[in-house]
2 protein chains.
Amino acid sequence: MAQVYERVALIGLGLIASSMFWAMKRDGLAGEVTGYARSAETRETAREIGLCDRVCDSIAEAVDGADLIVLCVPVGVMGDVAAEMAPHLKPGATVSDVGSVKRDVIEKVSPHLPDNVHFVPAHPLAGTEHSGPRSGFPELFENRWCLLVPVEGTDPDAIARLRALWEGFGALVEEMDAEHHDLVVAVTSHAPHLIAYTMVGVADDLRRVTDSEVIKYSAGGFRDFTRIAASDPTMWRDVFLTNKEATLEILGRFTEELFALQRAIRQGDGEHLHAYFTRTRAIRRGIIEAGQDTDAPDFGRGGGRKE
Amino acid sequence: MAQVYERVALIGLGLIASSMFWAMKRDGLAGEVTGYARSAETRETAREIGLCDRVCDSIAEAVDGADLIVLCVPVGVMGDVAAEMAPHLKPGATVSDVGSVKRDVIEKVSPHLPDNVHFVPAHPLAGTEHSGPRSGFPELFENRWCLLVPVEGTDPDAIARLRALWEGFGALVEEMDAEHHDLVVAVTSHAPHLIAYTMVGVADDLRRVTDSEVIKYSAGGFRDFTRIAASDPTMWRDVFLTNKEATLEILGRFTEELFALQRAIRQGDGEHLHAYFTRTRAIRRGIIEAGQDTDAPDFGRGGGRKE
């Protein structure tokens, strides 16, 4: 594939940044890639495993001369990082990010950026429950969505170039506005994560069912919740604090519906339950048809067997 | 492997029964296996795909001469099926079931059974979101738990023989009482299922986020919920109606905890959120260590890619 950017700087070296790096190098999408992480330990790990062509000890050094700078830090610190790097940006450079929340990131980052750089916020809908510099792999974004959320008046060429990078990673790219983005991810990601965290917490609290039993017998559904609930605590704390309104709205609706189902159980209303469960089945079929999951009957079990 | 039962009858021919059949045949665990399903269409499908050595058109015919009879029907109809088959049972036979709820099944089935048969309720913690006679496969129970819930005074030999069958399927077998069983599965399976159903229902209701968007962008967590929420509606209706108390108790606790987290979000209490999310991560590690899931970083993604 053709090179899209000559110099790229990755700020924050976790799952997303490391996956971006390996994908850029595999496909020749970027020339030199510099990297910076706040923690000295992370920088050391990065140097050890060859993550980034050059690991820098300051943000200023990392962004110096870069054509694309991608903020891969928790959304709660995006503003501070933007303020720190702003004086060192090359005129004409593009700044992007990979945060799970967009309105808040735009509000916090934009004011710091000089007029002569382009800001094209992005959000790849990809991840695993692992985090840190060792967790990345170049296939992470393949056939996953990356949502671009450009602010009004952004240079179309800057957007097109960032799109080319993500498409180079194998991602499916779509554009939408920040408001809509934050609601969509509240439904498809943020509320489900909070719910999974809650259910896992309940299980942990319930002393009559011993920890070992909850773990032993997890295959019945609970296991899928723990996978979600194992994600990075700092990232998710920031997500909920910065996408507060949309998440609380969805959780409010969730609670309403849950109460209606609880009432149906209490009253023995089998018809209500059956109709509800039949409806939710159709959504699952849609997801399989959309290619965002597999229909394999023993899905996810293969690796879990004891030898 | 050695034959455990000479004649087995499977009543109800869905995911569990068909998986049991293929496993029994693969390993020679049973001599002749008869099968019965209420629906003529299911019986026809079973004959077509060779599911059961002999598909019978009545329960009486299926259980005639059987050493083991396994009720693989929704828990809501276990009592009726038991009443229908009771007069035709061979003295000394063992009756078992695979229902997800045990106290209710024992209450409904026991009164119908003659004194000269053994009743050993069982619950394999295994399944997929697929159902019906075509959905079974012989590996379904491998390294999964099967809980035996014998009533007091049951012949130890009858229990040991049923255990041998399940161990023959590759399952890990444990015994516990009905009350405890129903609470454990309420935590690890029933409550998570109701919660997943609810979240999928909320997404479906939310018209501002179009259906196609919810489906397109599902990889962020929602996808795992839809997998759970695609399970058989009749089976799950019956589970909630028959394990009412334990499920409602767990849901009550869940709602309490969810409210506490919602309050933390509303008040911007990042410390509370971070501490909670850190705690739930540990449970996930326990599950991986217990061999009930895999730690692979791109878990579950392989099959979902578009070519």
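Residues numbered from 1 in each chain as written. Chains lettered and ligands numbered in written order. Predicted model: local features only at pLDDT ≥ 70, side-chain atom pairs only at ≥ 80, totals over all residues. Heavy atoms only, no water.

For chain A, the name recorded in an unreviewed UniProt entry is prephenate dehydrogenase, with Sulfitobacter sediminilitoris as its organism. What UniProt states about chain A under its Catalytic activity (unreviewed entry) heading is, verbatim, "prephenate + NAD(+) = 3-(4-hydroxyphenyl)pyruvate + CO2 + NADH". Under the UniProt heading Sequence similarities (unreviewed entry), the entry covering chain A gives this text: "Belongs to the prephenate/arogenate dehydrogenase family." (UniProt positions renumbered as here; feature names shortened; annotations may be inferred.)

(A) Focus on the pairing of strand β5 (residues 94-97) of chain A. Residues and elements named next belong to chain A. Side-chain alternation along β5 places Thr 94 and Ser 96 on one buried face and Val 95 and Asp 97 on a second face that is also buried. When strand β4 (residues 68-71) meets β5, the two strands line up parallel, connected through four bridges. If you follow Leu 68 over to β5, its bridge partner there is Thr 94. Note on the crossover from β4 through helix α4 (residues 78-85) to β5: the handedness is right-handed. (Buried < 20%, exposed > 50% of the residue type's maximum accessible area, 1.4 Å probe, protein only. Helix = DSSP H or I, 4+ residues; strand = E, 2+ residues; numbered from the N terminus. Pairing = 2+ DSSP bridges. Right-handed = clockwise from strand over helix to strand, strands pointing away.)

(B) Focus on the sheet that holds strand β6 (residues 118-119) of chain A. Residue and element names in this part refer to chain A. The six strands lie next to each other as β3-β2-β1-β4-β5-β6, forming an open sheet whose pairing is parallel. The sheet is open, and its two edges are formed by β3 (54-55) and β6, each paired on a single side. Note that strand β2 (residues 30-36) and β3 share two bridges and pair parallel. Residue pairing for β3: Gly 35 is matched across the bridge by Val 55. Lying on the sheet, α4 is in contact with β1 (5-11), β4 and β5; it crosses β4 at an angle near 150°. In this fold helix α6 (residues 156-168) packs onto β1, β4, β5 and β6, with an angle of close to 75° to the strand it touches most, β1. (Contact = heavy atoms within 4.5 Å. Axes fitted to C-alpha atoms, helices over the stretch in contact; angles between N-to-C directions.)

(C) Just the confidence of the model for chain A, in detail. Across chain A, the average pLDDT comes to 90, with 93% of residues at or above 70. Of the regions scoring below 50 in pLDDT, residues 297-307 of chain A engages in 30 contacts with residues more than four places distant in sequence or in other chains. (pLDDT = per-residue confidence, 0-100.)

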